[in-house]
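Observations on the three-dimensional arrangement
Each chain is listed here by its residues.
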Amino acid sequence: MKNTIGLFLIIAMMFNSCNCDKNENSAVKSSKNKFIGEFFINEVIDSLTNKFGKDNMQGIQKGVTQAAGLWTEKDGSENEFLKFCMESYVAEKNERHSLFMKLSRNYEILNGYFNRMSIELKKPLHMDVGTVSRIDEIFGSYEPASHVAEDFFNNKTAFLVCLNFPYYSLYEKVANAEKWSSEEWAYARLGDLYTSRVPSDLLLKLGEKVSEADTYISEYNIYMGKLVNDNEKQLFPDDMKLISHWGLRDELKSNYNSAEGLEKQRMIYEVMKKIITQEVPMQVINKNDFKWNPTSNRLYNEEGDVHANPEPDTRYQHLLNVFLAQKEMDVYNPFQPTYIVRKFDSEMELSQQEVEKLFVDYVSSPVVKEVAKLIKSRLGRNLEPFDIWYDGFKARSSMSETELDKMTQKRYPTVESFQKDLPEIIGKLGFAKERAEFLCSKITVDASRGAGHAWGAEMKSDNSRLRTRIASNGMNYKGYNIAIHEFGHNVEQTISLHDVDYYTMRGVPNTAFTEALAFVFQERDLDLLGINNEDANRKHLMALDNFWSTYEIMGVSLVDMRVWQWLYEHPEANATELKAAVNEISKEIWNKYYADVFGVKDSPILAIYSHMIDAPLYLSAYPIGLIIQFQLEKHLESNNFAQEVDRIYRNGRLIPQFWMKKAVGREISPEPMIMAAKDALNYIK
Ligand SMILES: [Zn+2]
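Let me sum up the structure you'll find in this document. (Residues numbered from 1 in each chain as written. Predicted model: local features only at pLDDT ≥ 70, side-chain atom pairs only at ≥ 80, totals over all residues. Heavy atoms only, no water.)

**Quick notes on the environment of I243**
Inspection of the secondary structure puts I243 in strand β5 (residues 241-243). Relative accessible area serves as the criterion here: at 24%, I243 is assigned to the partly exposed category. What I243 contacts, discounting residues up to four positions off in sequence, is I217, S218, Y220, N221 and L248. (Helix = DSSP H or I, 4+ residues; strand = E, 2+ residues; numbered from the N terminus. Buried < 20%, exposed > 50% of the residue type's maximum accessible area, 1.4 Å probe, protein only. Contact = heavy atoms within 4.5 Å.)

As C-alpha cells, then:
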C-alpha cells in the first residue's frame, strides 16, 4: 500500500477545488454560461497576437481560452481580464523558462511543507506512540492545504499558469509524447494544475454521498451462523460475521480444500446473487435475529416463518447518488466533462476505450479456456461461476511462518536496526554502495500503528516515510514482508523526486507504477533474508494465479465501465432501473466472455464488488497494475536490476504508455502475462 495522501490529496485539494460563491456558475464550458464570451476571447487573442507577434499565436490562443474558461465575475470585468492577459503573458523563451523555474521552486516549498505538516499532524494516528485522543483526531483529519486553490485563483497565480503553461488533453499528450523535450513535458505537467473550479458545496456534497455509500458497504454484514440449507442445517460457525463482498469472497476462497467446502461455496454464491438483485431480506443485513435459507429466501425463528422484506434498492440508490453528485461537477470541469473522462483520461491517463480494449483482448484469449480446463481437472468437477475465485495455484513456502518470525525478530529487534540495514538490503539488489547510501538517507523508518504504508516526500529536503509494525519482541515476518513492499515504494519515491529533470515531473504516471516496484521488491523478501526459495514450479504457479485473478477482475471492471456509460446515457434513471441495468450488463459480460468457459449462462456474479458502489471506476486500476507489474518484473529479471530501476524511475510522470515504452521497450500489453500462463500449462498438472 502506498500513502497517496501526500501527492493526490494535496494536488486535488490545492488545485481542483475552491471555496467559491455562486458566481462560479460562470466558469463553465457551455458558452451560454461563460462569463467571458467567445467574442471577447477572440478580441483578447487578437490584442495579444498584435503585441507579441504571430509566432506566438497558437500558445496565446490556448492560454487565453483556458484562462477565460475558469475566470468568473468575481475575478474582474472583461476589461480586467484583457489587462491581466496583456500584462501576464510571457512570450520570450528565457523569460518563460525563468517564470517556470520560479513557479516550480514555490510549488515545491508549498507542497513540501504542507505535506510535512500533514505527516506531523497525523503522527499520533499513524505511529505507534500511545493512545489516540480526541485532539489527535481533530488535528489528524485537518487538511492544511485545503484552501490554497481558492487563494491561488484569488491572487491570480492560477490564471498566470493557465495563460503561460496551458493544459494539454490526454489526446494531445499522446500525440506529442515523443516530440516534446523534457522541458516541454515539464511545462505540460504544470498545465495540469488548474483544470477545474468546482464550488466547495458540490465537493462537500460528493464527499457526503461517497461517505454514505461507504458506510452502507461497511455495515453490510451477513451472520453466516444463521444461514441454513434446505434441510435447516447450519454450515458455518455461530460467530462468523462476513462483510460483503470481501469477507464472503475470502471465505469462499478458503473452502477449496474442505469436506463441506463445495456446499458452503454454493451457499455463499446464493447470498451474493441475492445481494446483487437486492432480494436479501432487510432482517438479515447486519442482524442475527433470524435463520435464513438464501436459496429459497425462507426466513424463520423459533416462533415460525416471517415474511422477508427486501431493501428498497438501497445498494443502487447509493451508486445513483454518487453518479448524480459527480454529474453536477461536470459543468465545472471544462476539459474533463464527465466522471469517466476524469477517472480514465485524467487520473489514469489511459482512455476508457483503450483500457476496455486491453481487457476485452485478454478475457477473449483462448488461453482462458485452457487454464479453465486445468482448474476443472484439479477440482474434479465442472466449473461453477464462483470459481472465478479459484485459489489453488499458490506456491508453498519452504519455511514455516514461525521459523520466519524467529529469523526476522532476531535480525530486526528495533526500528533502528531495520533503518540501519536499508543500504545493505538494496546493496543485495545490486545498488552500488554510494547510491544505496544516498537513497536510504532519504528514507525514515517508523513503527506504524496500522498495517504499514510508504508516505513520499514532496520536497527534496524532506524524507519519505517507511512505516511498518514492529512489536516489542521485534519485527515478525509479516511486518518484514510489508516493510520490503513499502521500501520499494520509498525507493521509487526518492528516485522520482530527486532524479527527474524538473520538479513538476516528479512521481510516476499513476499509482500502478509505484505499486509495481513495491511488489517487485516484496517478491524478493526471502532472497534478501538469504533463504533459497527455488521451487521449480513456483514461477509457473504464480503465472497461473496471476492470470486467473486478472481474468476475474477484468470482468468486474468491464461491468463497472459499462454501468457508468449506461448512467450517462440514462441520467434520469431511478434506483430500480439502475438495478435492472446492472443485472443485465453483468449477465451480458458474463455471457460474452465467461459463459462458454464455465459452461453456465446468465450469472450476475461480476456485479458483486463493493468498490462498484463506494469507489466507482476504481476497479480498472487493479488489472492495469497487474499487467504493468508483470511487464516490469519480466524486464528486470533479464536485465541489471539496480541500474534499470534507477534508469526507469527517473522518467518521472510521463503518460503511462510512453513511460512503459521508455521503461521496457513496449507499451502496456497483457501479452507477456498470457504467454507466461500458456507456458506454465506445460509444467503444472
Ligand atoms: Zn503498495
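**Some points on the packing of aromatic side chains**
Enumeration over the complete set of coordinates arrives at 38 aromatic pairs. Aromatic side chains W71 and F159 sit 4.8 Å apart centroid to centroid with 55° between the ring planes, which places their arrangement in the tilted category. Of the two residues, W71 sits in the loop between α3 (57-70) and α4 (78-88) while F159 sits in helix α8 (residues 157-164), which places them 88 residues apart along the sequence. Residue classification places W71 among the buried residues on the basis of a relative accessible area of 0%. Using a relative accessible area of 0% as the deciding quantity, one classes F159 as buried. Both rings, one in Y618 and one in Y622, keep their centres 5.7 Å apart while their planes meet at 75°; by these two values the pair is edge-to-face. With relative accessibility at 39%, the residue Y622 sits in the partly exposed group. An aromatic cluster is defined as three or more aromatic residues linked by ring pairs; in this entry it consists of W71, F81, F84, F153, F159 and Y194. Cation over ring: K62 sits above Y168, and NZ or CZ is 4.6 Å from the ring centre. In this structure, R298 packs its charged tip against the face of Y300, placed 3.9 Å from the ring centre. (Phe/Tyr/Trp six-rings, centres within 6.5 Å; stacked < 30°, edge-to-face > 60°. Lys NZ or Arg CZ within 6 Å of the ring centre and 35° of its normal.)

**A short note on the pairing of strand β11 (residues 464-468)**
The buried fraction of β11 amounts to five of the five residues, a majority that puts the element mostly inside the structure. By the alternation rule, side chains of β11 split into S464, L466 and T468 and R465 and R467, which are all buried. Here five bridges tie strand β9 (residues 443-447) to β11, and the two strands are oriented parallel to one another. In the sheet register, T444 faces β11, and the bridge partner there is R465. With four bridges connecting them, strand β10 (residues 452-455) and β11 associate as antiparallel partners. (Pairing = 2+ DSSP bridges.)

**A few points about the layout of surface pockets**
Which parts of space are left empty comes out when a probe the size of a water molecule is rolled across the atoms. Its boundaries defined by the atoms lining it, the second largest pocket holds a volume of some 780 Å³. Lining the second largest pocket are 26 residues, and of these G59, R96, Y168, E184 and Y187 sit closest to its centre. Counting only elements with at least two residues in the lining of the second largest pocket, the list comes to α3, α5 (93-126), α8, α9 (170-176) and α10 (182-190). The element that contributes the greatest number of residues to the lining of the second largest pocket is α3, accounting for five residues. Tallied by class, residues from the lining of the second largest pocket come to 10 nonpolar, eight polar and eight charged. (1 Å grid on protein atoms, 1.4 Å probe; cavity = no way out; pocket = protein on both sides within 12 Å on 5 of 7 lines; lining within 4 Å. Points joined across faces, edges and corners; volume = space filled by probe spheres on them. Nonpolar A, V, L, I, M, F, W, Y, C, P; charged D, E, K, R; others polar.)

**Overview of unusual backbone geometry**
A cis amide bond links S244 with the next residue in sequence, H245, at an omega value of -5°. The topology assignment puts H245 in the loop between β5 and α12 (246-253). In this model, D602 sits at a positive phi of 60°, which is unusual for a non-glycine residue. Checked against the element boundaries, D602 lands in the loop between α26 (595-598) and α27 (611-614). The exposure class of D602 is partly exposed, given its relative accessible area of 44%. A positive phi angle, near 65°, is found at L617, a position not held by glycine. Within the secondary structure layout, L617 lies in the loop between α27 and α28 (621-637). Note on L617: relative accessible area 2%, which makes it buried.

**What to know about the environment of K433**
Along the chain, K433 turns up in helix α20 (residues 433-441). Sequence-wise, K433 and P423 are 10 residues apart; in three dimensions their C-alpha atoms are separated by 7.4 Å.

**What about the environment of K205?**
Within the fold, K205 resides in helix α11 (residues 200-218). Placed 120 residues apart in sequence, K205 and A325 show a C-alpha to C-alpha distance of 6.8 Å.

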